[in-house]
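So the chains spell out like this:
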2 protein chains.
Amino acid sequence: MEDGERGEGKALRKSDFEGGEMTPETAPHVGGSLLTIGDEILLGDILNTNAHHIAVALRANGFRLERVITVEDREEAIAAALQQLLPVSAFLIVTGGLGPTDDDRTKEAVARAFSLPLAVDPSDLERLKERTRTTGTPWNHRIQRLAELPRGATKMAPGRPMAGFFLEHQGVPCYFLPGVPYEMETLLDDIVLPDLKRRFPHRPVTRKRILRVQEMMEAEINQRLQGFDPVETGVVLGYLPQVGENWVTLLAVGRSEAEVAEALDKAEARVTALLGGEHVSGRDDESLEVVVGRLLKEKGWMLAVAESCTGGLLARRITRVPGASDYFERGYVTYSNRAKEELLGVPPEILAAHGAVSEAVCRAMAEGARDKAGVEAALAVTGIAGPTGGSLEKPVGTVFVGCAAGDRTVVKRCLFHGSRERIQQQSAHAALTLLWRRLKP
Amino acid sequence: MEDGERGEGKALRKSDFEGGEMTPETAPHVGGSLLTIGDEILLGDILNTNAHHIAVALRANGFRLERVITVEDREEAIAAALQQLLPVSAFLIVTGGLGPTDDDRTKEAVARAFSLPLAVDPSDLERLKERTRTTGTPWNHRIQRLAELPRGATKMAPGRPMAGFFLEHQGVPCYFLPGVPYEMETLLDDIVLPDLKRRFPHRPVTRKRILRVQEMMEAEINQRLQGFDPVETGVVLGYLPQVGENWVTLLAVGRSEAEVAEALDKAEARVTALLGGEHVSGRDDESLEVVVGRLLKEKGWMLAVAESCTGGLLARRITRVPGASDYFERGYVTYSNRAKEELLGVPPEILAAHGAVSEAVCRAMAEGARDKAGVEAALAVTGIAGPTGGSLEKPVGTVFVGCAAGDRTVVKRCLFHGSRERIQQQSAHAALTLLWRRLKP
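Residues numbered from 1 in each chain as written. Chains lettered and ligands numbered in written order. Predicted model: local features only at pLDDT ≥ 70, side-chain atom pairs only at ≥ 80, totals over all residues. Heavy atoms only, no water.

- By the naming in an unreviewed UniProt entry, chain A is CinA-like protein, taken from Desulfacinum infernum DSM 9756.
- Per UniProt, the comment on chain A under Sequence similarities (unreviewed entry) is "Belongs to the CinA family." (UniProt positions renumbered as here; feature names shortened; annotations may be inferred.)

Shown next as structure tokens:
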């Protein structure tokens, strides 16, 4: 196979975009690979946030990241990964292993994998010597290594101290970036993405939309969406279960932003209809607390919450949203029975008769919070988050959520499973769902 | 190559552990691979937290994760990765693609990669039919798919609804886990790790200890720990800055738990001394809220909190700890000035004179919470979390934290930087630090 042929083979031509259907499966796309190098990832010291950042940036620019490989800081491991990725990639991005220390082996691995001996870049060497002179740093072989590059490679930012170099091998553009997130992100934006766009001018526009679905199981959602036709709509569905809600993702690919936006809108309308409109609470970043906040503001209502087993989590989710003070008045974390009586006016006899975790107490908490705070709407949560405190008729995970709004109070009994943390999260979400139901038009 | 040979070839023998130095770098190891499947990772919708969780768990149990590959939900892509990982892995863990939906392709990929046709497990099918009968779910081919497995594979948790199966192929144990973090983590702990330990009895003991350091900058910590000698102690130090505190990690490898524990204890004593004892608040999972809770219990004190800009986060951190009801009485989320007056008795004239974000109001909130709740100790937080609401003399990030315990009240003014979320987190942490200082012997 001739040099260059691969790269061109992967590049898209204008003709690829003329006529014919274009779906996420069938659309022509420029598919690249990412190699992230670093023991700290494999040892679990850090999350691979570089991979996430690069994935987001590539998608936003119409490229597809087809695979990510993470290997240790070992020359053989890096070289093997490079040899394996090159033939299957339209482009290759590599992060890490470019520093001056002995466990930075990327350059040596490239030299080995692609049989391109390391050579010192004279002008770069001069710059380094100059800098050490001005900073008074004593010269050593580590600094010398910074000026070495595999034959044919070019430094990305000659002016700047950051590492990072480019190499086209067998027609595949390869971008080698430092592992330090800030430096990686700068070179990605300033050099890698512009160069990729120049090399691959014809790319599909790829956009994804998330629909947040409340009060419906994943299997049920999947069942109802059988009627959805990806071919007819040109949109592919995905499912991402979250704590308390489910996400349906819509992925569309097209020739223009307008075309893709139209396809997504059509698909969203179809999905919403199939699920029965009242189950979709928001899109993308519109969490339930954001949507509820907007609805409260529209109504001009103020909100108070009274929580027991969620211990502040419900108020915390609401006040996480900037501007929450426009509609959130106060929260009561009534962890003890005394607090429930003193702050919310829950009658001791109700506590005695039904216990703190009961429909009656939850109702009294919600109405007490509404009246004591003098607000239009209040939420209440009382339950057993565990790990202990459960009983036969009220096992761990038994939670009552209540919503007192205007002169109407609704209380719901739930049974959640999992860890204390999970039960607390699900409880807070269930309370927000009650309020959302009450507020939505 | 004979079946089984691979697996044995990767296993360590007792002799590997006889004599010689053993450092985190030089220790013999059992190296495995992880394959994470999911478009949502490659599209940048989610961070690959499963990979991180598995990396941590493997290291904690003396295994080494040598590589991670992430591929799309495509049968060919998954199959290719499986074929490529099998020969180089002592064990293989795969996450994702096991659900009931159409974009779950892992089983099909395994069947293709290892030439093991899918077959229905009759007993599993019975269980599923039973469950659908009891839950009244209409039967469909998707549920049927849940009972299919590649020939020779066994379901991991037959009793439980979770997906997940095991397969030994060419001597390499392969564990297929669901992508839903909660389910993945459960099966990893209950089934995968115990089975790995049984199969690979000889492995170095690797232990990491985290020391949580309060009120000291990373650079300062770094400076003070120059005197620490890794060679003499056989322990390697690492630094992980967190929100509000810094972690110093101690990594040790040895032949026995006793050997490693001794090395870590020595190293911990040395680090603590170099930092000046009073800065280390706890180890590993001993978060500040856990330590503070234990100290409150020892003293027999009850705690109340009054929060403004943290909006419930402080109470939430405290009540995240199981058994918090033993020492946490209540929390006031006094978001509005009215709430500060009505619930905590903050004098309106103080609010008018100094503003809600002030030393005087913070003090009044802390003492008000202590007295109104009738408890021994109270914390208060008031500040500007942003993104708006800052001024010249009180910019966004200005936060007052106060602690009223017994007859003593301490108030501290802080200036935090970053997002609203970050400022809220740092504020809650600063309040807990005040209480920790007050309580510690």
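## Thoughts on the state of the cysteines
Residue and element names in this part refer to chain B.
Thought 1: Going through the model one piece at a time under the given rule, you end up with zero disulfides over all chains.
Thought 2: Distance from the sulfur of Cys309, which forms no disulfide, to the nearest cysteine sulfur (Cys362) is 9.3 Å.
Thought 3: Cys414 carries a free sulfur, and the closest cysteine sulfur to it, the one in Cys362, is 9.1 Å from it. (Disulfide = S-S within 2.5 Å.)

## Quick notes on the pairing of strand β16 (residues 398–405) of chain A
Residue and element names in this part refer to chain A.
Thought 1: Most of β16 sits out of view: eight of its eight residues are buried.
Thought 2: Burial of the side chains of β16 extends over both faces: Thr398, Phe400, Gly402 and Ala404 are buried on one face and Val399, Val401, Cys403 and Ala405 on the other.
Thought 3: Inspection of the sheet shows strand β15 (residues 377–383) paired to β16 by seven bridges, in the antiparallel sense. Directly across from Ala377, in β16, lies its bridge partner Ala405.
Thought 4: With eight bridges joining them, β16 and strand β17 (residues 408–415) adopt antiparallel strand pairing. Bridge pairing in β17 links Thr398 to Leu415.
Thought 5: The antiparallel pairing of β16 with β17 creates a hairpin that spans two residues between the two strands, and Gly406 there sits at a positive phi of about 60°. (Buried < 20%, exposed > 50% of the residue type's maximum accessible area, 1.4 Å probe, protein only. Helix = DSSP H or I, 4+ residues; strand = E, 2+ residues; numbered from the N terminus. Pairing = 2+ DSSP bridges.)

## Quick notes on the pattern of salt bridges
Thought 1: Following the criterion strictly, the structure yields 71 salt bridges over all chains and no others.
Thought 2: Residues Arg59 of chain A and Asp45 of chain B are paired through a salt bridge, measuring 3.1 Å at the closest nitrogen-oxygen approach. A residue pair is termed interchain when its members come from two chains, as with Arg59 of chain A in helix α3 (residues 49–60) and Asp45 of chain B in the loop between α2 (39–42) and α3 (49–60).
Thought 3: With relative accessibility at 17%, the residue Arg59 of chain A sits in the buried group.
Thought 4: Here Glu342 of chain B and Arg330 of chain A are joined by a salt bridge, their closest N and O atoms 2.8 Å apart. Residue Glu342 of chain B is located in helix α14 (residues 337–344), and its partner Arg330 of chain A is located in strand β14 (residues 328–333); the two belong to separate chains.
Thought 5: Residue Glu342 of chain B is classed as partly exposed on the basis of its relative accessible area, which comes to 42%. (Salt bridge = Lys/Arg side-chain N within 4 Å of Asp/Glu carboxyl O.)

## Structural notes on helix α6 (residues 122–135) of chain B
Given 3.6 residues per turn, any residue in an α-helix points the same way as the ones three and four places further on.
Residue and element names in this part refer to chain B.
Thought 1: Across its 14 residues, α6 extends 20 Å between first and last C-alpha, which sits within 8% of the 20 Å expected from 1.5 Å per residue.
Thought 2: Residues of α6 that are buried: Asp124, Leu125, Leu128 and Thr132. Considered in projection along α6, the buried side chains sweep an arc of 100° and stay on one side of the axis. Among the exposed residues of α6, those pointing more than 90 degrees away from its buried face are Pro122, Arg133 and Thr134.
Thought 3: Turning to α6, the residues buried within the fold contact β4 (118–120), α7 (141–145) and β6 (154–155).
Thought 4: Phi for Gly136, located one or two positions after α6, is positive at around 70°. (Expected span 1.5 Å × (residues − 1). Arc of directions from axis to C-beta. Contact = heavy atoms within 4.5 Å.)

## Things to note about the packing of helix α14 (residues 337–344) of chain A against helix α16 (residues 359–373) of chain A
Packed helices, taken two at a time, are described by the angle between their axes plus the distance between the axes.
All names here are of chain A.
Thought 1: One can describe the packing of α14 onto α16 by two numbers: an axis separation of 9 Å at closest approach and a directional angle of 40°. On the basis of their axis angle, the class for α14 and α16 is oblique. Along the contact surface, α14 presents Lys340, Leu343 and Leu344, while α16 presents Val361, Ala364, Met365, Gly368, Ala369 and Lys372.
Thought 2: Taken together, the residues of the contact of α14 with α16 break down into six nonpolar, one polar and two charged. (Axes fitted to C-alpha atoms, helices over the stretch in contact; angles between N-to-C directions. Parallel < 35°, antiparallel > 145°, perpendicular 65-115°, else oblique. Nonpolar A, V, L, I, M, F, W, Y, C, P; charged D, E, K, R; others polar.)

## With respect to the pairing of strand β7 (residues 165–169) of chain A
Residues and elements named next belong to chain A.
Thought 1: Judged by how many residues are buried, β7 sits mostly within the fold: four of five residues are covered.
Thought 2: Sheet analysis places strand β6 (residues 154–155) next to β7, joined by two bridges and oriented antiparallel. The partner of Thr154 across the bridge, within β7, is Phe166.
Thought 3: Here β7 pairs with strand β8 (residues 172–177) via five bridges, running antiparallel. Counterpart to Phe165 in the pairing with β8 is Phe176.
Thought 4: A loop of two residues connects β7 with β8, the two strands running antiparallel in sequence, and Gln170 in this loop sits at a positive phi of about 50°.

## A look at the interface of chain A and chain B
Thought 1: Taken residue by residue, the interface counts 68 residues in chain A and 65 residues in chain B.
Thought 2: Of the roughly 5400 Å² buried at the junction of chain A and chain B (both faces included), carbon and sulfur atoms supply 52%.
Thought 3: Of all residues in chain A, Leu47, Arg316 and Tyr335 of chain A bury the most surface against chain B, accounting for 11% of the area lost on that side.
Thought 4: For Lys208 of chain B, the salt bridge identified is with Asp45 of chain A, shortest N-O distance 2.3 Å.
Thought 5: Across the chain A-chain B interface, the total number found is 36 residue pairs in polar contact (both at pLDDT 80 or more). (Buried area = accessible area lost by both parts, 1.4 Å probe. Polar contact = N/O pair within 3.5 Å; in protein donor to acceptor, adjacent residues only side chain to side chain.)

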